[in-house]
Amino acid sequence: MAIAIYTLIDGTNYGQRLQNLALQTVLEQLTGSRVETVGYYRPLSGSYQDTLSLRNRLSYLAYEGLTRHDPPARLWRRFWQRTAFYRFNRDRIHLAPRQFAVGEEEVTAPNYWSERYDGFIAGSDQIWNLDIPTVTPLAFLRFARPGQRYSYAASVCCAPERLAGTDWARDGLREMDGLSVREDAGLDAVEQITGRRPAWDLDPALLLDAAAWETLLALPAARSRRPYILVYQIDASADPALEPWARAFAAARGWRVLHAREIACGPARWVRLVRDAS
C-alpha cells in the first residue's frame, strides 16, 4: 500500500519537521512500506528540490532582507537556519518526486498524486490553521479521491468560526474519510462542522521515545561542558518575564543562557540542545 503524508514542508518550525519525521517512521514500521511526504511549496524560483541551490538560498536572503528589514547578523542566521532545514528535509524526509506548487491549490482527482498513492494522511502541526498562507484546500485533501482522505492529530489552531465560514475548509472536513485531531478544542470544532466526533490523538513526535529519537537523528553522545539553560520562545515577546528569570536562575548557578532563536540550527541539533540542557 502506498501512503503519503500531506503536511507543511516549508519554513523553519522545529516541531513541524519532527512530527513529519515521526509520523513517517511510525507508518513505515506499521506498513513495512516507504511513506512519502507531499506538501505545498511557494518558491521564489525552481522546484522544491532546487531549494538547496546557492542561487535559491541567496534569493531568499535578498527577499527577507527587503521585506523584514532585519540586521545583517539576523539575516545570515536565518539563511543558515533555512539551509539546515532544507538539508533535514532532503536527508531524512522521503519527499515525493513532485510537490504541489502555486496554481495547484484546488486541483481535483484524478491527478498525479491521487493515482500515485492509495491513501493520504493530513497532519499534524498547524495543518488546518487558516491563518497560515500556505494552508490551502490541499490541506483538507480535496485533491484526493473519496476513500483516500484521512487525518492524524491534525492541528486546527484558528477560530472555529473561520473553519465553518470557509467553504473549502468546511466541505473538506465533511469529505474526510477518517478524522483525528491533536487539541481538545479541535474535537468540538470539527464535530460541529461534520457531525462526527474525531479521534483525539497524540502529536506524532510523542509516538517515539527519547531512545528512538537519538537513534533516528543519529545524535552524538552528550559531552561534558559548562551547564546551560536553554530558552526558546516561538514569539520572542510571548513572555517578557522569562528572559530575566532565566538569566537570574543561570547566574545563581554559574550556568550559561543559550537562546535557541539565536542559534542557526536545524531540527536534529535543536533536539540535541534540548537533550543536553541542564
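Our structure is the block above this text.
The text that follows walks through the structure, step by step, so that each part is easy to find. (Residues numbered from 1 in each chain as written. Predicted model: local features only at pLDDT ≥ 70, side-chain atom pairs only at ≥ 80, totals over all residues. Heavy atoms only, no water.)

Between helix α1 (residues 14–31) and helix α10 (residues 267–276), whose axes approach to 10 Å, the crossing angle comes to 105°. It follows from the interaxial angle that α1 and α10 lie roughly perpendicular. Residues Tyr 14, Arg 17 and Leu 18 of α1 form the contact with α10, whose participating residues are Pro 267, Trp 270 and Val 271. When grouped by side-chain class, the residues that make up the contact of α1 with α10 number 5 nonpolar, no polar and 1 charged. (Axes fitted to C-alpha atoms, helices over the stretch in contact; angles between N-to-C directions. Helix = DSSP H or I, 4+ residues; strand = E, 2+ residues; numbered from the N terminus. Parallel < 35°, antiparallel > 145°, perpendicular 65-115°, else oblique. Contact = heavy atoms within 4.5 Å. Nonpolar A, V, L, I, M, F, W, Y, C, P; charged D, E, K, R; others polar.)

Another aspect to go through is the layout of surface pockets. Here the second largest pocket defines a volume of roughly 320 Å³. Looking at the second largest pocket, it is lined by 17 residues, and the ones nearest its centre are Leu 18, Ala 205, Trp 213, Trp 270 and Val 271. At the level of secondary structure, the elements contributing two or more residues to the lining of the second largest pocket comprise α1, α8 (210–216) and α10. A per-element tally of the lining of the second largest pocket places α10 first, with 4 residues. For the lining of the second largest pocket, the class distribution of residues is 10 nonpolar, 2 polar and 5 charged. (1 Å grid on protein atoms, 1.4 Å probe; cavity = no way out; pocket = protein on both sides within 12 Å on 5 of 7 lines; lining within 4 Å. Points joined across faces, edges and corners; volume = space filled by probe spheres on them.)

Moving on to the pairing of strand β2 (residues 35–38). Alternating residues of β2 divide into Val 35 and Thr 37 and Glu 36 and Val 38, and every residue in both groups is buried. The pairing of strand β1 (residues 3–6) with β2 spans 4 bridges and is classified as parallel. Bridged to Ala 4 within β2 is Glu 36. In terms of handedness, the path from β1 via α1 over to β2 forms a crossover that is right-handed. (Buried < 20%, exposed > 50% of the residue type's maximum accessible area, 1.4 Å probe, protein only. Pairing = 2+ DSSP bridges. Right-handed = clockwise from strand over helix to strand, strands pointing away.)

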